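What follows is the residue order along each chain.
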Amino acid sequence: MLRTLPPARLAAVLTLACGAICLMLAPVAPWVTKWPAGWTLPATEWIGAIVTAGLEAVKPAARLMADLLDYPMGWATWALTALPYPATIAATVALGLYLGGWRMASGGLAGLGFVLASGYWQPGMNTLALVVVSVPLALFAGAAIGIAAYERPRLRRPVQTCLDVMQTVPTFAYLTPLLVLFGFGPVVGLIASAIYAAPPMARNVLLGLERVEPDIREAAVMAGTTRRQQLFLIELPAAKRQIMVGVNQTIMAALSMVIIAAVIGGFDDIGWAVLLTMRKADFGNSLISGMVIVIFAVVIDRLSAALADDRPGTRLYGAFIILLAGFALSFLVGGLLPPAGDLALFNGLAAATDARLGAFTAAYGPALDALRNGAMFYGLLPLRIGLDQAVLPMTWGVQWTPLASAALFAAAGLAAAGLLWRGRFGWAVALLLATGIVETGIVDLPWPFVLFAAGAMGWVGGGPRLAGFALAMLMPILLMGLWAPAMLSLYLSGAAVIACALVGGALGLASAASPALWRVVLPVCDFLQTIPMFVFLIPVLMFFQIGEFSAFLAICAYAVVPMIRYTRHGLVSTPDEMIEAAVASGATGWQTFREVRAPYAVPQILLGLNQTILYAFSMLVIAALIGTTDLGQQIYLALGQGDVGLGLAAGAAMVMLALLADRLLQAFAAAQKAALGL
Amino acid sequence: MATDLSPSAAISCQNVWQVFGAKAPERLAEALASTGGDARRAAALLRAAGLIVAVQDVTFDVREGEVFVIMGLSGSGKSTLIRTLSRLIDGTAGRISIDGEDILAADPQRLIALRRDKLGMVFQHFGLFPHMTVTDNVSFPLKMQGKPAAERRTRALEVLELVGLKGREGAYPRQLSGGQRQRVGIARSLAVNPDLWFLDEPFSALDPLIKRQLQDEFLRLQADLKKTAVFITHDIDEAMKIADRIAILRDGMVVQIGTPEEILLNPVDDYVREFTRDVPKGRHAHVGSIMETPETLPRMPDDPKLQEGMTIDAALAACMALYQPVPVWASNGKMAGVVHPRDLAGALTADTP
């Protein structure tokens, strides 16, 4: 009978069987649930030894480079800090006016005015100095990679993979080797942000060049251009828009990373200010310094995004006059102006915020605690350690018993049989699997089952190759002995992804239905995607203190955006003809939605889910700052201890999990797309 | 039309193949060797092996000063063929000579020099450089020749006036309509005054009305310039209208080469016949092509003054009420032959079953 099943159902049944066997074996064979320590390879030590040896070899060159980079760093810092602030503000406003008109100019003025008034001018300028030096490095490296990949098509695939990895490697993971290489100091943050920010430039340059119409390319050839003339006179200028999108993304990535790199410390920048105030639970000030970061991000984003619109600037004179006025002001009456650091107009506000917050948490503390405990006890904990351990008199008020397990499985079995009876095969299997997972907990899932399930999904989605890929990504994690933290990462990101899928999916759906709602949701999404990851930690900490629930919330807030965007986009981008055909067939609104829009949107929604997963993984590491115990925490610990081996191994484990999730979902999205004939 | 062409070949293609796939040249050579040089069987072998045979053993000459139209449906290999001719892609096998020079053997430097001096090309989707003004687009090939800026500008304005775009010199391509864009494309291809003019479906992306305007414009320009032009199209009416000679391409093979009239009146097979079925023959075929030149002249009481070069439609209109053979006069005033009015009508219906 098994032979007659379609492969997907066969895989589902076998996975189910594997899970059941593991469950039965668990009491007699403890190695099923816990990978025995004796089977672990000392891979982290090996990696540490090999990489450290390699790093030592290139260290002199790296140190030389660090010394060289100190010069532009010094100049940039000097220029930005020595320049009187009226001149800096005038320059920004003039640039805003030139690129985007009065709206952007006034935005720049208000933003920088806030920064000045907040008293964080100096750290802010230090951060900007890092960005100013790292961005050209990243742009240059990215453009070179993009052009090389374009010129040598054989390089494209390896380069794409390399860029994928560069962007999935958790940001802290390569800080550790960089620290060993370059020594403590701002240069590490500089290099890290250049590495992190180069891929978007490379991608966009490659994409832009690939998208140049063949006719344009051939027209250049037929005009008798040499290869170099063709590239620099025609193709790169023709790809300008896409390249400018890359410039924008690179600048934003560099800013985000420069702020994250503040965890290394030793440099009085704005990221450090946030970190310090958060550690002191001085939330009023962390909020204000966080605002400074947000303002930088928004102003820089708008300015650099305006570069991609090729409207020629028309307000050159106005911009010039503002610039001149700013400089004149600073040099004529500069001595009379108060120094930037002395301004701290919001000290009172910060104190007031703290006081308000204190009052708020005092007043609503029980409610907040109840919210947190409820989510933990009834949602997160069962998912993490399973109902069998999470249901305790202290949490649920009852004690979980083997009898309860048996009853749960019996009920699930009955329900599944009912579903099967009605022909809902997929739902039946999903119900059984979900019951098993909730009863056991993700962290305690037997590893043979996880391997088998991942392999089976790979098999169904992309054949033996993807199945092999799944195993190749999971086995090293087991062998390196990082299985337990990896499962914790899986659980935390999984919980966040489920929450994001539900909330984001619902919001996307509602935004698709109501343009009015979308007008509200869109700027929020833009905002959430503009602000650096670090800033998400501040509000959750303010209300829920350190702990897993705060980490969960921060991850959700960061990762929910793609889900909203892609769901809405998938739902509204159904071709008009299809809708008209459905309406002409007499479909009601709901029928049109269910039969036409929703199936058409599935590949888009899957891609959104994919992005959400990747976002969640990248936020995991940042969330390690506020109390998690997963791979992110390992990476963070490794950074503190300078343990290159652990940092890289845990980073690699995270990359492997993220790549696996990415490839699986991509495969399913592609299959769905092919089925729709897109 | 086809009569006063100079006989020398400007472009000569001999047994040109374009095969896509791994190791195409070697496998083509093998296939040809194993079939004893039979192109059809060799192509079938290659296709069975999973290669794509886009151009198959194509041989033709393009005479100096003529408009040579390559016509075929999508997938017939016509775009590939013109790209092989201009060496935008490298041919797999065969010989293509331009003015006697084998361009498949030309090295990259020579190729660049050829393109700078001798070749001009117009593209289906215009291929205008989006970041340059109309003038900069048109003068770009001159810039590649190394001409000084002032000279480039003078020449660019000259060609722009020629194509009727005076006044739009400073516009960017995105500010122009489709028809205007293609005028820029044509101006650019003519900027260096090339000897060979390649046009790859230049009017296919345009609306019917604009298309007809540009076809007329093309004929007007060509009457002045007398370039050797290779013109690709999938539109039989366009081919009939502008061609001196037409090559019909099917599955990468040339099925028939001939003047529009020959193609129309003597299609070699059902494929070509099917193609030309809806073409109004009376408008494109001429009396000269169906008249007879008998030894003994029949009795000819009437003379509606038919000329050799008259279209069949015009001739029919002139002898509506006649039932006897009538004389046909050559342009020099001598009698060229005889035609029976019945045959005039018959020529129109010959291919309609």
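Parameters at a glance
- Residues numbered from 1 in each chain as written.
- Chains lettered and ligands numbered in written order.
- Predicted model: local features only at pLDDT ≥ 70, side-chain atom pairs only at ≥ 80, totals over all residues.
- Heavy atoms only, no water.
- Contact = heavy atoms within 4.5 Å.
- Buried area = accessible area lost by both parts, 1.4 Å probe.
- Salt bridge = Lys/Arg side-chain N within 4 Å of Asp/Glu carboxyl O.
- Helix = DSSP H or I, 4+ residues; strand = E, 2+ residues; numbered from the N terminus.
- Nonpolar A, V, L, I, M, F, W, Y, C, P; charged D, E, K, R; others polar.
- UniProt positions renumbered as here; feature names shortened; annotations may be inferred.
- Pairing = 2+ DSSP bridges.
- Phe/Tyr/Trp six-rings, centres within 6.5 Å; stacked < 30°, edge-to-face > 60°.
- Lys NZ or Arg CZ within 6 Å of the ring centre and 35° of its normal.
- Buried < 20%, exposed > 50% of the residue type's maximum accessible area, 1.4 Å probe, protein only.

**Some remarks on the interface of chain A and chain B**
For step 1, the next point in the chain: Contact residues are listed per partner, giving 18 residues for chain A and 24 residues for chain B.
For step 2, the next point in the chain: With both chains or domains summed, chain A and chain B bury close to 1,700 Å², and 68% of this area falls on carbon and sulfur atoms.
For step 3, the next point in the chain: The tally of links between chain A and chain B comes to two salt bridges.
For step 4, the next point in the chain: When the shortest N-O distance is used, the salt bridge between A:Glu218 and B:Arg83 registers 2.6 Å.
For step 5, the next point in the chain: For the side of chain A that touches chain B, the secondary-structure elements that each account for two or more residues are helix H8 (214–222) and helix H9 (227–238) of chain A.
For step 6, the next point in the chain: When residues in the side of chain A that touches chain B are grouped by element, the largest group, seven residues, is from H8(A).
For step 7, the next point in the chain: Within the side of chain A that touches chain B, the residues separate by chemical class into ten nonpolar, four polar and four charged.

**Regarding the UniProt feature "domain: ABC transporter" (unreviewed entry) in chain B**
For step 1, the next point in the chain: As recorded in UniProt, the feature "domain: ABC transporter" (unreviewed entry) lies at residues 40–276 of chain B.
For step 2, the next point in the chain: Measuring from the first to the last C-alpha atom of residues 40–276 of chain B gives 25 Å, for a span that is 44% helix and 22% strand.

**A few points about the sheet that holds strand S4 (residues 93–98) of chain B**
All names here are of chain B.
For step 1, the next point in the chain: Read from one edge of the open sheet, four strands run S2-S1-S4-S5, paired in antiparallel fashion. The sheet is open, and its two edges are formed by strand S2 (52–63) and strand S5 (101–102), each paired on a single side.
For step 2, the next point in the chain: Here eight bridges tie strand S1 (residues 9–20) to S2, and the two strands are oriented antiparallel to one another. Directly across from Cys-13, in S2, lies its bridge partner Phe-60.

**Structural notes on the packing of aromatic side chains**
For step 1, the next point in the chain: Tallied over the full model, the rule gives 15 aromatic pairs over all chains.
For step 2, the next point in the chain: The interplanar angle of 75° and the centroid separation of 5.5 Å between the aromatic rings of A:Phe360 and A:Phe543 together place this pair among those described as edge-to-face. In this pair, A:Phe360 sits in helix H14 (residues 347–385) while A:Phe543 sits in helix H21 (residues 537–544), placing the two residues 183 residues apart along the sequence.
For step 3, the next point in the chain: Of the aromatic side chains, those joined through ring pairs into one cluster are B:Trp197, B:Phe203, B:Phe218 and B:Phe231.
For step 4, the next point in the chain: It is B:Arg188 that lies over the ring of B:Phe129; its NZ or CZ is 4.7 Å from the centre.

**Quick look at unusual backbone geometry**
For step 1, the next point in the chain: Even without a glycine there, the phi angle at A:Ala281 is positive, about 55°.
For step 2, the next point in the chain: Its place among the elements puts A:Ala281 in the loop between helix H11 (270–279) and helix H12 (283–308).
For step 3, the next point in the chain: Overall, A:Ala281 belongs to the partly exposed group, its relative accessible area being 45%.
For step 4, the next point in the chain: A positive phi angle is found at B:Glu201, which is not glycine, with a value near 45°.

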